[in-house]
Amino acid sequence: MAKKKNQKKTPKSKVRPLLSRPGAQYTCFGDGLCCTDIHGLGPITKPELVQLRKLDKEAGGYSEDFEDYMLGTAADGGCTFLMPDQKCAVHAQFGPEHKPDGCRRFPLGLVATPGGGRITTEHRCPCRTLGKRPDLDVDEVAQSLVDRGGRIYADRRIGRLKLDKSKPISFSQWVEIETELLAQLERGVAPSAVIDAQPFPEISGNTWKNLAEEFIEAKDGTQFGVAIAWFGEAIRWLTQGKTPRPPGRPWTDAFDRAERRSPKRTAAELFSDWIADEIWSLKWSEHAHFARARADLATRLEIAEAITQHLVGLSVREDRAAAEALLIVEVVGDSDHWTDVRSNMKVKKTRALN
Ligand code: SF4
């Protein structure tokens, strides 16, 4: 189809230069959580699987759930190659370059934007949330972001950006808005005030009461089942005032290790850091528009704060409680259960951003 004469082209997304969010801190402490069923272990390529099967026939295989090749897990939910000391057998025997690409990358990611490749980090990992971590070193982490041929590659590319259903914006307009939001977080403004959206908006065709029950009933004997049931308990607490009866605490071993190595931080610091990375990663642009992302983040932030409050009431250290809560809201937030909820959130037009 012919383009209108004056129609501006969206600038092309690129992976260079590599950019890190000012203030982002991360190093791998080997807490071992990333090598467990906090997420699907993969995907891996077929050639990677062939190589790994030479080490262990149970290395992995094709997963109908993920529709891809994935690493296998042992009965405790850990990867087949995860050793009792939380080290990777592939890494230990053959060096880090022999690990599947996805293993070398997590919790890092790369999103290609018109300004360059933004390095992103996942907060489900206590190496990202707990303890004293150095500023993220672009040159160092670049080695985790390359393929086997040494080329940097992006996990995602930015397309059109929209503030709300009817308000497209250019990338440079977005950068201006984002810079102000990140500056507010840096100045210590509460993340809920920076997001400035109503948590628990109306849901098309459903209610928060039903959703809380659905999430609680999704408990299935796995660690993820515990996480989603906790999420449901928190929704019920916040929307109906019913005191939670938590189903347990998922993946606590890794948090035990992380707590032992970590000087204390405040929960507010962890939440602020998470929201800053959610904004910086531009993950929100996959969910239609920023107005929807604000409603989603306001809701999951409130859930994370409630879980933290409950755990602190049980004498759990504040930063650990917040890190466990962030794990829960991140893994549930990335699941199909939440994708449906988010896409049915009734979101009004964007209120003016501060
Ligand atoms: S292959 Fe190694 S790094 Fe990858 S998930 Fe398994 S234990 Fe972890």
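Above this text is the structure in question.
Each chain has its residues counted from 1, following the order in which its sequence is written. Only residues with pLDDT of at least 70 are given local features in this predicted model, and only at 80 or more are side-chain atom pairs given and counted; all residues enter the totals for whole chains, interfaces and linings. Hydrogens and waters are ignored; side-chain quantities use all the structure's heavy atoms.

(A) Here's a closer look at the overall build of the protein chain. By definition, any uninterrupted DSSP run of H or I lasting at least four residues is a helix, any uninterrupted run of E lasting at least two residues is a strand, and each is numbered from the N terminus. A tally of regular secondary structure across the protein chain gives 14 helices and eight strands. Accessible area is worked out with a 1.4 Å probe on protein chains only. A residue is then buried under 20% of its type maximum, exposed over 50%, and partly exposed in between. Expressed as a percentage of the 354 residues in the protein chain, the buried residues total 50%. Residues count as neighbours in contact if any of their non-hydrogen atoms are within 4.5 Å of one another. Long-range pairs, those at least 24 residues apart, make up 73% of the contacts in the protein chain with a sequence separation of at least 6. Element-wise, carbon and sulfur atoms account for 50% of the exposed surface of the protein chain, whose accessible area totals about 17800 Å². For the area figures, the Shrake-Rupley method with a 1.4 Å probe applies, and any residue is considered shielded solely by the protein chains shown.

(B) Up close: the site of the ligand. Near residues are defined by distance, with any heavy atom within 4 Å of the molecule or strand qualifying the residue. Near the ligand the following residues occur: Cys35, Leu71, Cys79, Phe81, Leu82, Cys88, Lys99 and Cys103. In terms of residue class, the shell around the ligand is built from seven nonpolar, no polar and one charged. Amino acids outside the nonpolar list (Ala, Val, Leu, Ile, Met, Phe, Trp, Tyr, Cys, Pro) and the charged list (Asp, Glu, Lys, Arg) are all regarded as polar, and Gly is one of them.

(C) Looking closely at the pairing of strand S3 (residues 68-71). Strand pairing is assigned whenever DSSP detects at least two bridges linking the two strands. In this structure, strand S2 (residues 60-63) lies alongside S3, joined through four bridges in antiparallel fashion. Bridge pairing links Gly61 to Met70 in S3. Linking S2 to S3, which pair antiparallel, is a turn of four residues; within it Glu67 sits at a positive phi near 55 degrees.

(D) Main features of the pattern of salt bridges. A side-chain nitrogen of Lys or Arg and a carboxyl oxygen of Asp or Glu constitute a salt bridge if their distance falls within 4 Å. A complete count under the given rule lists 29 salt bridges for this structure. A salt bridge links Glu178 to Arg118, with the shortest nitrogen-to-oxygen separation between them at 2.5 Å. One end of the pair, Glu178, is in helix H6 (residues 171-186); the other, Arg118, is in strand S5 (residues 116-121), and 60 residues separate them in sequence. Residue classification places Glu178 among the buried positions, given a relative accessible area of 3%. Relative accessible area serves as the criterion here: at 4%, Arg118 is assigned to the buried category.

(E) Examining the nonpolar core more closely. To define a nonpolar core, start from buried Ala, Val, Leu, Ile, Met, Phe, Trp, Tyr and Cys residues and group those joined through side-chain atoms within 4.5 Å. In terms of nonpolar packing, the biggest core is built from 66 residues, with Trp174, Trp208 and Phe231 touching the most fellow members. Every residue in contact with Phe231, bar those within four places of it in the chain, is listed here: Phe215, Arg300, Ile303, Ile328, Val329, Val332 and Trp338.

(F) Representation of the packing of helix H9 (residues 223-240) against helix H12 (residues 290-313) in the model. The convention used is that axes are lines fitted to C-alpha atoms, helices contributing only their stretch in contact, and that angles between N-to-C directions extend from 0 to 180 degrees. It is the contact of H9 with H12, at a shortest axis distance of 9 Å, that shows an interaxial angle of 95 degrees. In this view, H9 runs roughly perpendicular relative to H12, as classed from their interaxial angle. Across the interface between the two elements, Trp230, Phe231, Ala234, Ile235, Trp237 and Leu238 from H9 touch Arg300, Glu302, Ile303, Ala306, Ile307, Gln309, His310 and Leu311 from H12. Each residue belonging to the contact of H9 with H12 can be placed in one class, and the counts come to ten nonpolar, two polar and two charged. Each angle gets one of four labels, with under 35 degrees taken as roughly parallel, over 145 as roughly antiparallel, 65 to 115 as roughly perpendicular, and the rest as oblique.

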